[in-house]
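# What the coordinates show
Now for the letters of each chain:
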Amino acid sequence: MRADLVALVAGMPVRVDELDAAEARLRGGAGSAALPAPGTSEGRQLRRWLTQLIVTQRVVAAEVAARGLGGRAAPSEDELLPDPTARLEIGSVAAAALADPRARALFADVTSAVRVAEDRVADYHARNPLRFAAPRPDRHGWFVPSSVAPPLAEVRAVIADHLRGAARRHAFRVWLDARREALVRLEPGYEHPGDPRQPDNTHRH
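Everything numeric in this text was worked out from a predicted model, so none of it was measured.

## Thoughts on the pattern of salt bridges
- Summed over the entire model, instances satisfying the criterion amount to 19 salt bridges.
- The residue aspartate 200 makes a salt bridge to arginine 44 at a minimum N-O spacing of 2.8 Å. Of this pair, aspartate 200 sits in the segment after strand S5 (184-186) while arginine 44 sits in helix H2 (residues 41-67), and the two are 156 residues apart along the sequence.
- According to the relative accessible area criterion, aspartate 200 is buried, its value standing at 7%.
- For arginine 180, the salt bridge identified is with aspartate 177, shortest N-O distance 2.6 Å. Residue arginine 180 and its partner aspartate 177 are located together in helix H8 (residues 152-183), separated by 3 residues, close to a single helical turn.
- Linked by salt bridges that have partners in common, Asp20, Glu23, Arg27 and Arg47 make up one network.

## As for the nonpolar core
- Counting residues in each nonpolar core, the largest one holds 29 residues, and the members touching the most others are Val6, Val14, Leu81, Ile90, Leu98 and Phe172.
- Here this core gets 7 residues from one element, more than from any other, and that element is H2.
- Residues Val121, Tyr124, Ile159 and Leu163 belong to the second largest nonpolar core, which totals 6 residues.

How each quantity is defined
- Residues numbered from 1 in each chain as written.
- Predicted model: local features only at pLDDT ≥ 70, side-chain atom pairs only at ≥ 80, totals over all residues.
- Heavy atoms only, no water.
- Salt bridge = Lys/Arg side-chain N within 4 Å of Asp/Glu carboxyl O.
- Helix = DSSP H or I, 4+ residues; strand = E, 2+ residues; numbered from the N terminus.
- Buried < 20%, exposed > 50% of the residue type's maximum accessible area, 1.4 Å probe, protein only.
- Core = buried A, V, L, I, M, F, W, Y, C linked by side-chain atoms within 4.5 Å.

Structural data, given as structure tokens:
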């Protein structure tokens, strides 16, 4: 264990001063008053989360370079993460990493082959018939949720896009977890925030 080391990513060091700088930027930004106090259990968990973000950014940078990708033609964040549910699906670290257009280009490359079968689209519509029903005007002219399910043909494309987006986020998260497992070695004290072996991962009720 080295006191100045947080992690190794593909054998390259991530040092404590890089983590300190990331924490200082976060604490100097908007919303800093909501952050936990340094030195507390929650403060250490914040540093573990930042460690995960830093090593993820290193993994992404290595993969982007290996694949010869650039961020110029990358999809937007709104395309990949259209709502809070999408951010929960992919996880907070991956969602934060996707602020970088190069990471979004990598997402597009990794998930380009993901497809959704037609029977899944039809099954989704059968289970959620009103999910994509367009609002309709009531007798006062206000638009209200529809109580009439649209035919599958009318909403097939939007359901397929919805399901493919979720499938791509799942595929990217699985892929990213595997690459981190292969490339990252964390130093003691900088374990994943959810690692049950580290002392600050406790449930309080």
